[in-house]
Every structure is written in structure tokens, then in C-alpha cells.
Amino acid sequence: MNTEKPDIRTEEDIKRMVDAFYDLVNQDDLLSPVFNGHAHVNWETHLPIMYKFWSSILLGSSTYTGQPFPKHAFLPVEKAHFDRWMELFVKNIDDLFEGEIAEMSKARAINMARVFQLKMGLIPRGDNPFYLVEKK
Ligand code: HEM
């Protein structure tokens, strides 16, 4: 049996990655109420935005032109929500893909989650290694 997983290389891979990730989010007891209850996310419009977002970051397609942070600034979330979000993101990538771009996707997601949390005051500045570098 061939158990080798592909890397993320095409728009179809991006779609598979994003669809599977939000399937996990929608089944999650902590995150689903934020997306579906509080924010009433319209998945038909949100998913295509997320395809563009990730294809811009991972494949360089430059199709995403939005600003992610403002949509998160006033969400009713704590550090625990971001921890769960990252746990599901990493699990999803590891379940489906393997390779350089798969690794990059996790690094970029973790970094953005950290920046969001810093801006929202959910984690102390000292937890951010970049801040320690800047301070010198
Ligand atoms: C606790 C974790 C998170 C929650 C609960 C959350 C929730 C949401 C919600 C409710 C929206 C708005 C959807 C809509 O417009 O209907 C959104 C949009 C978005 N999120 Fe998150 N999010 C989280 C973490 C992240 C992280 C870590 C990233 C980046 C890696 C991210 C990237 C985005 C992007 C790109 C959009 C689309 C913004 C746009 O409309 O241009 N999210 N998110």
C-alpha cells in the first residue's frame, strides 16, 4: 500500500486542505459556536475567501486582497480558542499532506495566530520570540 502523502502544490490541494480544516472546526465544541453561533459565518462565501488566502500564502497566487485581522478583533475568543484552532490546523495538515509547503503552512498559521493573540492582548508580549529580538 502506498501511504505517501502529497505536498500542497495545486489549487485543488488548497481546496482540500481548507474544506477539511473547516469540517473539523464545524465539529469542534469550542470553535463551532464562535463561527456558527456568534459570527453566523456564511460558508459559501467564507470558504472561497480562505482558498484565496492560503493559495496566496502557499502558492504565491496573489488572489487574496483582504485584511484578516479586523474580522477577528472583537470575536469572543480566549487563548484556548487559538490553541484549539492551531491544534486542528496542524492535525489537518499532518493527516493530509507531507513536505516543505505543508511545513510552511503550519509555521505561517502558528505565526499569524500568535500575532492575532498579541494584538488582542490574549498573550503577553514576552511570549513572542520576535519581540525579544526587537527589544535588544
Ligand atoms: C480562534 C481562532 C479563530 C477564529 C474563531 C476565527 C474566526 C473567524 C471568523 C468568524 C471570520 C469571519 C468570517 C466571515 O467573514 O464570515 C474569520 C475570517 C478569517 N480568518 Fe479567522 N479565526 C481564527 C483564527 C484565524 C487564524 C489564526 C488565521 C490565519 C492564519 C485566520 C484567517 C482568517 C482569514 C484570512 C479570514 C478572512 C478575512 C477576510 O474576510 O478577508 N483566522 N475568522
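The structure presented is a predicted model; accordingly, all values stated were derived computationally and were not measured. (Residues numbered from 1 in each chain as written. Predicted model: local features only at pLDDT ≥ 70, side-chain atom pairs only at ≥ 80, totals over all residues.)

(A) Geometry of the site of the ligand. Within the structure, the ligand sits among 22 residues, and A39, G66, H81, M112 and A113 are positioned closest to it. When residues of the shell around the ligand are traced back to their parent elements, those giving at least two are helix 2 (32-38), helix 3 (43-59), helix 4 (79-96) and helix 5 (100-119). Here the element with the most residues in the shell around the ligand is helix 5; it accounts for four residues. (Near = placed C-beta within 6 Å. Helix = DSSP H or I, 4+ residues; strand = E, 2+ residues; numbered from the N terminus.)

(B) Seen up close, helix 4. Compared with the 26 Å implied by 1.5 Å per residue over 18 residues, the 26 Å span of helix 4 between its first and last C-alpha is a close match. Listed in full, the buried residues belonging to helix 4 are F82, W85, L88, N92 and I93. Mapping the buried residues of helix 4 onto a view down its axis gives an arc of 130°, with all of them on the same face. Turned more than 90 degrees from where helix 4 packs its buried face, A80, E87, D94 and D95 sit exposed. Looking at the packing, one finds that the buried side of helix 4 touches helix 1 (11-26) and helix 5. (Expected span 1.5 Å × (residues − 1). Buried ≥ 20, exposed ≤ 12 C-beta atoms within 10 Å, placed from the backbone. Arc of directions from axis to C-beta. Contact = placed C-beta atoms within 7 Å.)

(C) Local environment of the environment of D7. With respect to the helices and strands, the residue D7 is situated in the segment before helix 1. Residue D7 is classed as partly exposed on the basis of its C-beta count, with 16 C-beta atoms lying within 10 Å. Here the alpha-carbon distance between D7 and K79, two residues 72 residues apart in the chain, equals 30 Å.

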